[in-house]
Amino acid sequence: MTLDIPLAGDAAARFLPWLIGFMVYLAAVGLALALLVIGAGEHWRAMAAGTATVQIAPLPNDGQDTREDRTTRALAMLRATPGIASAEAVPERQVLALLSPWIGSNADPAALPLPRVIDVTYQRGRPPDIRVLAANLTSIPGVTFDDHGTSLAQLTVLARTIERTALGTVALIFISMIVTIVFTTRTSLEIHRDVVEVLHLIGARDGYIARQFELQALFHGIKGGVAGLALAAATLIAVSTAAARIDAPLLPRLALSSREWIAVACVPVLAAIVAMIAARVTVLRTLAREA
Amino acid sequence: MASGEIVRFQRVGMRYGLGAEVLHDISFRLQAGSFHFLTGPSGAGKSSLLRLMYLAHRPSRGLISLFGRDVATVPRREVPALRRRIGVVFQDFRLIEHLSAIENVALPLRVAGGREQQVHEHVAELLRWVGLEEQIHARPSVLSGGQQQRVAIARAVIGRPQLLLADEPTGNVDEAIALRLMRLFEELNKIGTTIVIATHNQSLMERFPYPVMRLKDGELVEGNDS
């Protein structure tokens, strides 16, 4: 397609697709990060919600029987509490297995002041009164109660901060793109002032002239957007492949779902539309001001 | 408006920016279907007067009426429709360099929303008529001055304007082509187009005895109404 205004020969025509490509790349990666963090937050919430941990620490001059007595009392108290679905003491060998990276696999449990641990699961939809439960449990000497609320709250704050920062960055990238389009469009209008005047004099409306700039911006947007998205997709696939090799239960999945991929694929489309609208509005406003 | 009055200037003055007035107290009327020459020495204000007529410039004072409308009161959104009723042949042609002859000539029809097939047929026919059938796809940079001028004329007349303004349209062509172009203007005039040709060419004005508007030092010394 030949435009009436020779915009394809402008300096902006050479660098703008690159610039839009970089911006789409950054925006797509930023959006993917935000989506992954949202997913991670849900993963952490699902892991922590509805569960609690009770620890029965060994006390000075505390014999094995006494610690077991206190564990039995805690278990009985838990099982008698309304809203508790299950309360199971974690076998000592399992606790040792969890600690084996730090204490080795040949450690003697009798020689170590290990706490007993009870895994607690709440009934779905009608959890117990946490404050009453915590007060009752901690009345037993050496017992601590952790409903994961603190760590969950901290993780939620962290996830929301990362999520907002990532979305804010995407918004800033789009604002930068709009500013760039506005300035390059104004420069092109200035460069092609003569042709624009001829078009006006033969009866072209401002909208016809704006359409020329709009189509050029759309073309740049598509060209840069496709390149930026391809690069972003390669980066995201590389990250998820590397993350898949790590065996860490706390680490959430670092791969996008199909819906998330569709959202990321919308970034260049949005960039092209934004570029087109920015060019159109700039031309119309500039021409109206000059009239 | 008098019946059939296409252009009316009433005590019009014009200046560029804050400079001195280049046109003073210009008053005249052009009837629909009339043919006029606009002449005068270089710097007398011919091109400036044409600029006012094709709405490229606003007057600094006075009243300009085109097709019965005071141009000062025409809303901006209606100016393109008014301009489409005016064909202009610029002295420096003002062809768009990256477009071919046919694309340049097609512009007025395209900006008016003409259908592409129809546009192409009409334009090709007109270019053949002005003797440029071999140069239809040539860009202005490879055309001679005379050929560029004919492209510019074709662009000005393709939309069948009611008012045709031509600034030295025969300045770069030989006599045979000049006569052929004048015949084209006369043909357009016969179908009702009002024609104003700015020219220095005395022999042309003698050969085609149409009314003359003569400018001198920014004043209309012949053909003034007031």
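Residues numbered from 1 in each chain as written. Chains lettered and ligands numbered in written order. Predicted model: local features only at pLDDT ≥ 70, side-chain atom pairs only at ≥ 80, totals over all residues. Heavy atoms only, no water.

Some points on the overall build of chain B
Within chain B, the secondary structure is distributed over 7 helices and 10 strands. Scaling as 2.2 N^0.38, a compact globule of 226 residues should have a C-alpha radius of gyration of about 17 Å, and chain B matches this with 17 Å. Dimensions of chain B, computed from C-alpha atoms along their principal axes, come out at roughly 50 × 40 × 35 Å. Here chain B holds 226 residues, and the buried ones make up 54% of them. Long-range pairs, those at least 24 residues apart, make up 71% of the contacts in chain B between residues at least 6 apart in sequence. For chain B, the exposed surface amounts to about 10,300 Å²; the carbon and sulfur share of it is 47%. If the 28 positive side-chain charges of chain B are averaged to one point and the 24 negative ones to another, these points end up 6 Å apart. (Helix = DSSP H or I, 4+ residues; strand = E, 2+ residues; numbered from the N terminus. Rg over C-alpha atoms; globule rule 2.2 N^0.38 Å. Buried < 20%, exposed > 50% of the residue type's maximum accessible area, 1.4 Å probe, protein only. Contact = heavy atoms within 4.5 Å. Areas by Shrake-Rupley, 256 points an atom, 1.4 Å probe, with all protein chains shown as cover. Lys, Arg positive; Asp, Glu negative; His and termini not counted. Charge placed at Lys NZ, Arg CZ, Asp CG, Glu CD.)

With respect to the packing of helix α5 (residues 149-191) of chain A against helix α8 (residues 258-290) of chain A
Residues and elements named next belong to chain A. The contact between α5 and α8 brings their axes to 9 Å, and the two run at 40 degrees. Here α8 runs oblique to α5, going by the angle between their axes. Crossing geometry of α5 relative to α8 is assigned as right-handed. On α8, the residues touching Phe174, Met177, Ile178, Ile181, Val182, Thr185, Arg186 and Leu189 of α5 are Val267, Leu270, Ala271, Val274, Ala275, Ala278, Ala279, Thr282, Val283, Thr286, Leu287 and Arg289. Taken together, the residues that form the contact of α5 with α8 break down as 15 nonpolar, 3 polar and 2 charged. (Axes fitted to C-alpha atoms, helices over the stretch in contact; angles between N-to-C directions. Parallel < 35°, antiparallel > 145°, perpendicular 65-115°, else oblique. Left-handed = near helix turned anticlockwise from the far one by under 90°. Nonpolar A, V, L, I, M, F, W, Y, C, P; charged D, E, K, R; others polar.)

Considerations on unusual backbone geometry
Residues and elements named next belong to chain B. Phi at arginine 11 is positive, roughly 45 degrees, even though this residue is not glycine. Mapped onto the elements of the fold, arginine 11 is located in strand β1 (residues 5-15). Here arginine 94, not a glycine, exhibits a phi torsion of approximately 55 degrees, which is positive. Relative to the assigned elements, arginine 94 resides in the loop between β6 (86-89) and α3 (101-111).

Points about the pattern of salt bridges
All chains considered together, the criterion is met by 21 salt bridges over all chains. As a salt-bridge pair, arginine 193 of chain A and glutamate 190 of chain A come within 2.8 Å of each other at their nearest N and O atoms. With a shortest N-O distance of 2.9 Å, arginine 29 of chain B and glutamate 5 of chain B are connected by a salt bridge. With arginine 29 of chain B in strand β2 (residues 21-31) and glutamate 5 of chain B in strand β1, the pair connects residues that are 24 residues apart, well separated along the chain. (Salt bridge = Lys/Arg side-chain N within 4 Å of Asp/Glu carboxyl O.)

What to know about the packing of aromatic side chains
Applying the stated criterion across every chain yields a total of 6 aromatic pairs over all chains. Taking the centre distance of 6.3 Å and the plane angle of 40 degrees together, the rings of tryptophan 18 of chain A and phenylalanine 22 of chain A count as tilted. Pair noted here: tryptophan 18 of chain A and phenylalanine 22 of chain A are both in helix α1 (residues 11-48), with a separation of 4 residues, about one helical turn. The rings of Phe35, Phe37 and Tyr210 of chain B are connected pair by pair, giving a single aromatic cluster. Over the face of the ring belonging to phenylalanine 67 of chain B we find arginine 85 of chain B, whose NZ or CZ atom lies 4.2 Å from the ring centre. (Phe/Tyr/Trp six-rings, centres within 6.5 Å; stacked < 30°, edge-to-face > 60°. Lys NZ or Arg CZ within 6 Å of the ring centre and 35° of its normal.)

So, the domain arrangement of chain A
The figure often quoted for interface size is the accessible area lost as the parts come together. You can read the domains of chain A as domain 1 (16-46 + 162-290) and domain 2 (58-141). Computed from C-alpha atoms alone, the centre-to-centre distance between domain 1 of chain A and domain 2 of chain A is 53 Å. (Domains from an automatic or database assignment.)

Thoughts on the packing of helix α5 (residues 145-157) of chain B against helix α6 (residues 175-190) of chain B
Residue and element names in this part refer to chain B. The geometry of α5 relative to α6 is characterised by a closest axis approach of 12 Å and an angle of 0 degrees between their N-to-C directions. The orientation of α5 with respect to α6, classified from their angle, is roughly parallel. Contacts from Arg150, Ile153 and Val157 in α5 reach Ile177, Leu181, Leu184, Phe185 and Leu188 in α6. Per-class residue counts for the contact of α5 with α6 are 7 nonpolar, no polar and 1 charged.

Things to note about the sheet that holds strand β3 (residues 35-39) of chain B
All names here are of chain B. Taken in spatial order, the 6 strands line up as β6-β7-β8-β3-β9-β10 in an open sheet, and their pairing is mixed. Each having just a single partner strand, β6 and β10 (219-222) make up the two edges of the open sheet. Between one strand axis and the next, the sheet turns by 20 degrees as a mean value, whatever way the strands run. Looking at chain direction, strand β7 (residues 163-167) and strand β8 (residues 194-198) are connected through 5 bridges and run parallel. Bridged to leucine 165 within β8 is valine 196. Lying on the sheet, α5 is in contact with β6 and β7; it crosses β6 at an angle near 175 degrees. (Pairing = 2+ DSSP bridges.)

Some points on the nonpolar core
Of all hydrophobic cores here, the largest spans 45 residues; its most connected members are Leu199 and Ile209 of chain A. At the level of elements, α1, α5, α6 (193-201), α7 (206-244) and α8 of chain A together with α3 of chain B are the ones that each hand at least two residues to this core. By residue number, the principal contributor to this core is α1 of chain A, which donates 10 residues. If we ignore the near neighbours within four places in the chain, the residues touching leucine 199 of chain A are Asp4, Ile5, Ala204 and Ile209 of chain A together with Ile96, Leu107 and Val111 of chain B. In terms of nonpolar packing, the next biggest core, distinct from the first, is built from 44 residues, Ala138, Phe185, Ile197 and Phe208 of chain B among them. (Core = buried A, V, L, I, M, F, W, Y, C linked by side-chain atoms within 4.5 Å.)

Structural notes on the pairing of β1 of chain B
All names here are of chain B. In terms of residue burial, β1 counts as a mostly covered element, since 8 of its 11 residues are buried. Strand direction decides the pairing type here: β1 and β2, joined by 7 bridges, are antiparallel. In the sheet register, valine 12 faces β2, and the bridge partner there is isoleucine 26. Hairpin connection between β1 and β2: a loop of 5 residues separates the two successive antiparallel strands, and glycine 17 in this loop has a positive phi of roughly 60 degrees. Sheet topology note: the β1/strand β4 (residues 61-66) ladder contains 5 bridges and is antiparallel. Note on β4: the bridge partner recorded for glutamine 10 is leucine 63.

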